[in-house]
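# What the coordinates show
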Amino acid sequence: QVQLVESGGGLVQAGRSLRLSCVASGSIFNINAMGWYRQAPGKQRELVASISRRGVTNYADYAKGRFTISRDNAKNTVYLQMSGLKPEDTAVYYCNQNIIPTIPGPTDYWGQGTQVTVSS
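About the criteria used
Residues numbered from 1 in each chain as written. Predicted model: local features only at pLDDT ≥ 70, side-chain atom pairs only at ≥ 80, totals over all residues. Heavy atoms only, no water. Disulfide = S-S within 2.5 Å. Helix = DSSP H or I, 4+ residues; strand = E, 2+ residues; numbered from the N terminus. Buried < 20%, exposed > 50% of the residue type's maximum accessible area, 1.4 Å probe, protein only. Phe/Tyr/Trp six-rings, centres within 6.5 Å; stacked < 30°, edge-to-face > 60°. Lys NZ or Arg CZ within 6 Å of the ring centre and 35° of its normal. Salt bridge = Lys/Arg side-chain N within 4 Å of Asp/Glu carboxyl O.

### Quick word on the state of the cysteines
Taken as a whole and assessed by the stated rule, the structure comprises 1 disulfide. Here cysteine 22 pairs with cysteine 95 through a disulfide, and the sulfurs are 2.1 Å apart. Classification of the bridge connecting cysteine 22 and cysteine 95 rests on its S-S torsion, roughly -75 degrees, and on that basis the disulfide is left-handed. Linking cysteine 22 in strand β3 (residues 18-26) with cysteine 95 in strand β9 (residues 91-101), this pair joins segments that are 73 residues apart in sequence. Cysteine 95 gets classed as buried once you look at its relative accessible area, which sits at 0%.

### Details of the packing of aromatic side chains
Both the distance between ring centres and the angle between the ring planes are used here to describe each pair of aromatic rings. Scanning the model with the defined rule gives 1 aromatic pair in all. Here the guanidinium or amino end of arginine 19 rests over the ring plane of tyrosine 79, the centre of that ring lying 4.0 Å away.

### Details of the pattern of salt bridges
Counted under the stated rule, the structure contains 4 salt bridges. Of the charged contacts in the structure, one is a salt bridge between arginine 38 and glutamate 46, with a shortest N-O distance of 2.9 Å. Exposure remark for arginine 38: the relative accessible area of 7% places this residue in the buried category. On the accessibility criterion, glutamate 46 (33% relative accessible area) is partly exposed. Here arginine 38 ties to aspartate 89 by a salt bridge, and the two come within 2.9 Å at their closest N and O atoms. With arginine 38 in strand β4 (residues 28-39) and aspartate 89 in the loop between β8 (77-82) and β9, this pair connects stretches of sequence that are 51 residues apart. Here the residues in one salt-bridge network are Arg38, Glu46, Arg66 and Asp89, joined through shared partners.

If you want it as structure tokens, here you go:
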């Protein structure tokens, strides 16, 4: 089995920074794309940023210039550095990883979500 565990969320004032982490563990052969999504109350889950195994990144327009996604393949970990946070960034942030397990099985895994709250 594979598990994703997120950390780093919390309550911050507008303009401050947070760093989210998501580590995968279990029967992992390889990990392809990694990404972060978020879901605000009453809204659909949306992509924040993604990163390929080779490090090619993709960002939502609102994340460009403020958020940075990175990964450490040796640690099966993806990070999201968020700076210049705004109240509208308040949401539950979810990690997603496309994992090739050591035995045939699901490949799309999600973290449990971590709450990010930005006060004005």
